[in-house]
Amino acid sequence: MPTLARRAVVPLLAFTVGTVLADSAIVTLALPEILRELDGTVSEVAWVLIAYNLVLAIAAVPAAWVLSHRNPTPLAAIGIAVFALASAACALASTMEVLIAARSIQALGGAFALVGCLELLVAALDERRGLARWTAAGVIGTAAGPFAGGLLTEAISWQSIFVVQVPIAVLAVPAALTIRAPRAPSPTRERPAGAPNIALILLSAALTAALFLVVLLLVEGWRRSPATAALAVSVVPVAAFVAPPLARFVRGGPRSETAAGCVLIAGGLAALAWPPSAHLGWTIAPQALIGLGLGLTVDSLTFAAMRDRFPRALHGGWTIGARHAGVVLGLVLLTPVFTADLRDAEVPATEAITGLILDAPLQPDDKIALASSLGERLQAERGRVPDLHPAFAELRLSDAERVAADRLEAALNNQLERAATRAFRDSFLIAAGLALAALLALIPLPRRRRALEMTSLVQDGGGR
Amino acid sequence: MNQRALVLPAVSVALVAGLLGVQTANGGGDFVPARAADPCVPRVVTAASTTSIEALGEVLVLYGIDGAACRIGVSREQLVLTLGVGTDHTEALYAELRAGLLDAVERMKRENLLPPASALADEALADADLNRFLKAAIRALPDRVVDAALKTDDVLRRAITDLDLRRLLDDLDQPNRLQQQISAAVTQAVKDSLTDRLRSIVPDLPGL
């Protein structure tokens, strides 16, 4: 393949891989707007996220099997085209059912696009560099999803998240068709790598908390705008991007990187469960640790699960399946925990608010009016953190009382932030536990120790 | 595993420990909603009201809620929320609330928070439905005469005993009706207190 063509095609295919993987979490910041505009329920909105990850998890291995038995070039191009058409359908969806169906088709096309792009990148470059581009694009895409989605939702609308994917595909389809990736049947069919894929499942479940729950905490718990939340979570992709060069500088080896990454992700999640206030600054360092951990682990584990294993596409399918099964596991495991905790947090939050109103230096009539208005808001927003400001804006107060009311509003918001943060604590700690469990999954058992040592030796010796 | 392989995990553990340490030192574990205080432990209450009768009533209610919550064994916040939600409360709850308010009078008396009746007279007369000659005559009375005739704690106790708490809580969101009920109860309490006072001075006065 000519160098000039390769320079244009390879980034396009890598960008496609990043886009498909970013889509697993890209709608996170847009969910409240989707809920409002499509008039859905909270569980339906959760399915916008779950459907994509579930279909991708289920379809990845069968898609990889088909790709390993057929010519990957047209199948990859069809996968990208289906992904793009389904993205357009998502943007045009006027009901929640249509959106969920379109997301499922998007994931189906995405499964073929992901595994197909792996084969095409390897064909365009070589085994080592093609695999490296594919995994790096996936890591950055996964980490940047919420950030990109948040910015687009705030700047334009939730539909724009899906619209921007269409031109990428319009360019990527012809780019894919320019690469000839002949089917090369492998002489041996190796079993899927156990430990790295199990670790990927557990880490992806933990990272769901980092990418999904942090956004929810910032937007729903602390009532920050999607743009502010997007800016705050941009720390994760930036840290994930700088992690591999840092690791190469230390040259500790893949096992050292994955062990460090698991500790960083678990520690970052534990720190998110333990913030001293609702100031965004306290989320930066934990997210930086998570981003570094993401950059160190997913990259290394994907390498460990796929390197020198054939058919390549099939093992690529297993890693994609593992990662998205992990996302679904994270959502299924953590969603009921934090929604139940959020419901339970209503009681202490309401009591704390009642205490503050009772002690506020306001006239009794104003206290009663305020309590009544706040009560209605708390009831109307059942299960969500309410915006208290309208209740204060309705009050007719003297200048002196307005100062007291402003202080009271700040104190009440502080109580709500405390309650919301407390409600997310269990989920973050469970997620931290999942990251540590991934570390345990990587500890070699006597039976498989020898095999892992061989793999590690090959990787340590060959570099990446 | 060589020494180089230990660098990254060791740095990671140090980073995590450092971050959790900084967060804990800055109150990481304490960022939870405020817990309701024990209503049986006396708290300092200051009224936001500017007029003395309103301020007296405000402190009385806040002390009373504490007292009632202590008697029932819940926080004052839980009691207020219970009273604020729905109207179908048990008589026992109203009885405890009344007892809490009566306890509050005793406490305010003990803490010298009850002003003499003469200090409240002008304000009470301004709102009273009396002709201006009678108001002028009462205002002309020396404070010691007013204070001798009316004891604030006695008036409050009588007013609390007479108050229809069920109706009072039903009208919580209608300030005018609330004010009417309290005024009526206080007026009746003043009348009863004066009658009792007169009866103690002139036991055989006809019509008492």
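Note: the structure precedes this text.
Residues numbered from 1 in each chain as written. Chains lettered and ligands numbered in written order. Predicted model: local features only at pLDDT ≥ 70, side-chain atom pairs only at ≥ 80, totals over all residues. Heavy atoms only, no water.

Chemist: Which parts of the structure should I look at to understand the overall build of chain A?
Modeler: Regarding its fold elements, chain A presents 19 helices and 0 strands. Computed over its C-alpha atoms, the radius of gyration of chain A comes to 24 Å, within 12% of the 23 Å expected for a compact globule of 464 residues. By residue count, 59% of the 464 residues in chain A fall in the buried class. Taking as baseline every contact in chain A between residues at least 6 positions apart, the subset at least 24 positions apart corresponds to 85%. In the structure as shown, chain A presents an accessible area of about 18400 Å², 65% of it carried by carbon and sulfur atoms. Of the side-chain charges in chain A, 37 are positive and 34 negative, and the distance between the mean point of each set is 16 Å. (Helix = DSSP H or I, 4+ residues; strand = E, 2+ residues; numbered from the N terminus. Rg over C-alpha atoms; globule rule 2.2 N^0.38 Å. Buried < 20%, exposed > 50% of the residue type's maximum accessible area, 1.4 Å probe, protein only. Contact = heavy atoms within 4.5 Å. Areas by Shrake-Rupley, 256 points an atom, 1.4 Å probe, with all protein chains shown as cover. Lys, Arg positive; Asp, Glu negative; His and termini not counted. Charge placed at Lys NZ, Arg CZ, Asp CG, Glu CD.)

Chemist: Honestly, the packing of helix α3 (residues 42–69) of chain A against helix α4 (residues 72–92) of chain A in this entry has me stumped. Any pointers?
Modeler: Each packed pair of helices is defined by two parameters, the angle between the axes and the distance between the axes. Residue and element names in this part refer to chain A. As a packed pair, α3 and α4 sit with axes 12 Å apart at the nearest point and diverge in direction by 160°. Overall, the two elements α3 and α4 adopt an arrangement that is roughly antiparallel. You can see that α3 and α4 cross each other, and the crossing is right-handed. Contact residues: Y52, V66 and L67 in α3; P72, L75, A76 and F83 in α4. (Axes fitted to C-alpha atoms, helices over the stretch in contact; angles between N-to-C directions. Parallel < 35°, antiparallel > 145°, perpendicular 65-115°, else oblique. Left-handed = near helix turned anticlockwise from the far one by under 90°.)

Chemist: Just checking my understanding: could you explain the nonpolar core for this structure?
Modeler: Generally speaking, a soluble globular protein has its nonpolar side chains buried in company with each other. Residues and elements named next belong to chain A. Counting residues in hydrophobic clusters, the biggest one holds 101 residues, and the most contacted among them are L99, L213, L269, L374 and F428. It is helix α9 (residues 194–221) that provides the largest number of residues to this core, a total of 18 residues. In this structure, L269 is in contact with A206, A209, A210, I290, F428, A431 and A432, ignoring residues within four places of it in sequence. (Core = buried A, V, L, I, M, F, W, Y, C linked by side-chain atoms within 4.5 Å.)

Chemist: How should the interface of chain B and chain A be read in this particular structure?
Modeler: Many descriptions give the size of an interface as the accessible area lost when the pieces come together. Between chain B and chain A, the residue contacts involve 41 residues of the former and 47 residues of the latter. Along the contact surface separating chain B from chain A lie 2 salt bridges. The partner of K367 of chain A in a salt bridge is E58 of chain B, with the nearest N and O atoms 3.4 Å apart. At the boundary of chain B and chain A, one finds 12 residue pairs in polar contact (both at pLDDT 80 or more). At the level of elements, α1 (3–25), α2 (52–72), α3 (76–84) and α10 (175–201) of chain B are the ones that each hand at least two residues to the side of chain B that touches chain A. In the side of chain B that touches chain A, the residues fall into 22 nonpolar, 11 polar and 8 charged. (Salt bridge = Lys/Arg side-chain N within 4 Å of Asp/Glu carboxyl O. Polar contact = N/O pair within 3.5 Å; in protein donor to acceptor, adjacent residues only side chain to side chain. Nonpolar A, V, L, I, M, F, W, Y, C, P; charged D, E, K, R; others polar.)

Chemist: Would you mind going over the side chain of E351 of chain A with me for this structure?
Modeler: The residue E351 of chain A is located in helix α15 (residues 346–359) in this model. Polar side-chain contacts of E351 of chain A include one of 3.5 Å to the side chain of Q78 of chain B.

Chemist: Looking at this model, I keep getting lost on the state of the cysteines. Mind explaining?
Modeler: Two cysteines form a disulfide when their sulfur atoms are joined by a covalent bond. According to the stated counting rule, one finds 1 disulfide over all chains in the structure shown. Disulfide partner of C40 of chain B: C70 of chain B, at an S-S distance of 2.1 Å. Given an S-S torsion of about 110°, the disulfide between C40 of chain B and C70 of chain B has right-handed geometry. Of this pair, C40 of chain B sits in the loop between α1 and α2 while C70 of chain B sits in helix α2, and the two are 30 residues apart along the sequence. Judged by relative accessible area, which is 29%, C70 of chain B ranks as partly exposed. Between C90 of chain A, a cysteine without a disulfide, and C117 of chain A, which holds the nearest cysteine sulfur, the sulfur-to-sulfur distance is 19 Å. (Disulfide = S-S within 2.5 Å.)

Chemist: What is the right way to read unusual backbone geometry from this model?
Modeler: Of all residues except glycine, most have a negative phi; of all peptide bonds, most are trans. Residues and elements named next belong to chain A. The backbone of R223 shows a phi angle near 55°, a positive value even though the residue is not glycine. Tracing the backbone shows R223 in the loop between α9 and α10 (226–233). For R223, a relative accessible area of 40% gives the class partly exposed.

Chemist: What is the right way to read the pattern of salt bridges from this model?
Modeler: Residues and elements named next belong to chain B. What the rule picks out here adds up to 18 salt bridges over all chains. Of the charged contacts, one joins R157 and E106 as a salt bridge, the two residues approaching to 2.9 Å between their closest N and O atoms. With R157 in helix α8 (residues 152–162) and E106 in helix α4 (residues 91–110), this residue pair connects regions lying 51 residues apart in the sequence. Owing to a relative accessible area of 24%, R157 belongs among the partly exposed residues under this scheme.

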